[in-house]
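# Descriptive analysis of the structure
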Amino acid sequence: MVALTFHFHGRLNELLPAGARDRPIDRVVDGSPTVKDVIESLGIPHVEVDAIVAAGVSVDFEHRVCDGESVEVYPDASEVAGLTRVRSLKPPPLPPERLRFVLDGHLGRLAAYLRMLGFDTSYSNHAADDALATLASREERTLLTRDRGLLKRAIVRRGYFVRSDRPHDQLREVVVRFGLGPACRLFGRCMRCNSPLEAIALAAARTRVPPRVALEQTEFQHCPACDTLYWRGSHHARMLRLIEAVVPEAVAH
Ligand SMILES: [Zn+2]
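Residues numbered from 1 in each chain as written. Predicted model: local features only at pLDDT ≥ 70, side-chain atom pairs only at ≥ 80, totals over all residues. Heavy atoms only, no water.

Here the focus is the sheet that holds strand β4 (residues 57–59). Strands sit in the order β2-β1-β5-β3-β4 across an open sheet of 5 strands; the sheet is mixed. The sheet is open, and its two borders are formed by β2 (25–29) and β4, each paired with just one other strand. Taken pair by pair, the neighbouring strands of this sheet meet at an average axis angle of 30 degrees, ignoring direction. The pairing of strand β3 (residues 51–54) with strand β5 (residues 70–74) spans 4 bridges and is classified as antiparallel. Paired with valine 53 across the two strands is glutamate 72, which belongs to β5. (Pairing = 2+ DSSP bridges. Helix = DSSP H or I, 4+ residues; strand = E, 2+ residues; numbered from the N terminus. Axes fitted to C-alpha atoms, helices over the stretch in contact; angles between N-to-C directions.)

Looking at the zinc ion, the protein donor atoms are Cys190 (SG), Cys193 (SG), Cys223 (SG) and Cys226 (SG), and they sit 2.3 Å from it. Its 4 donor atoms give the zinc ion angles of 99 to 120 degrees at the centre, a pattern that matches the tetrahedral case. Between consecutive donors of the zinc ion, the numbers of intervening residues give the motif C-x2-C-x29-C-x2-C. Within this pair, whereas cysteine 190 is found in the loop between α5 (167–178) and β10 (198–199), its partner cysteine 226 is found in the loop between β11 (220–222) and β12 (229–231), the two being separated by 36 residues in sequence. What makes cysteine 226 partly exposed here is its relative accessible area of 31%. (Donors = N, O, S within 2.8 Å, 3.2 Å for Na, K, Ca; no water. Tetrahedral: all angles 85-135°; square planar, octahedral: opposite > 155°, others 65-115°. Buried < 20%, exposed > 50% of the residue type's maximum accessible area, 1.4 Å probe, protein only.)

What the 3 strands build is an open sheet, ordered β10-β11-β12; its pairing is antiparallel. Across the chains shown, the open sheet's two edge strands, defined by having one partner strand only, are β10 and β12. In this sheet, β11 lies alongside β10 in antiparallel orientation, the contact comprising 2 bridges. The residue of β11 that forms the bridge with glutamate 198 is histidine 222.

Core analysis: the largest hydrophobic core is formed by 36 residues, its most contacted members being Phe6, Phe8, Ile39, Ile44, Ile52, Val73 and Leu143. Only β1 (2–8), β2, α1 (35–41), β3, β5, α3 (129–138) and α4 (148–151) provide two or more residues apiece to this core. Leave out the neighbours within four places in its chain, and valine 73 touches Phe6, His7, Phe8, His9, Leu12, Ile39, Val49 and Ala51. Counting 34 residues, the second largest nonpolar core, distinct from the first, contains Tyr113, Ala183, Leu242 and Val246. (Core = buried A, V, L, I, M, F, W, Y, C linked by side-chain atoms within 4.5 Å. Contact = heavy atoms within 4.5 Å.)

Dropping the structure here:
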């Protein structure tokens, strides 16, 4: 038997039960499991962890825990001087303009919103867990999900557990977590299928829309993949108000 004490820092506490936040957590385990296994058994997927210090020394996920160890677990190594990031399972961070996402089947509204902000977002409402994990790995996409088990898979190297179950709050969370504000490119991507939108000739667009829209609108965009037409009508205005309310930094630059 091995007795351990864990201290989870910063936003990792959001993943713990309310009564266990911001305080030491004692744990007794059999044998000598890896620190990754013990952290994940406490409900924290490895993708949320950026640095681990055991008995005062920076360690990796494969570190075998020892009796009496005190383990500090951090969500972001850069926030504390002298911390070393975990290396295994952990690719270098990407700047926000290079981030691409894959979302699980329960996050359809969030997927549409991220596309609206211009981010390459793979989403299907019937994708199986294996397919999501494989796609995240193969295309270096960041997996967003409310399924902790999915984020504990070793193949998933970039991911985030979405805390809220409300789409507007989810969008706010993801924008803050990944610093997406300056990288937003509003209305650049099809909300239905994720393809980048293209300009379409006014004459061609006008033959396909209701007469009032043809009279009032002078700019149209077109999705080359699913052929959806977009223009700045009432839906566009509603979406813009949503962005201004939830992600003001996306329209500030
Ligand atoms: Zn499309």
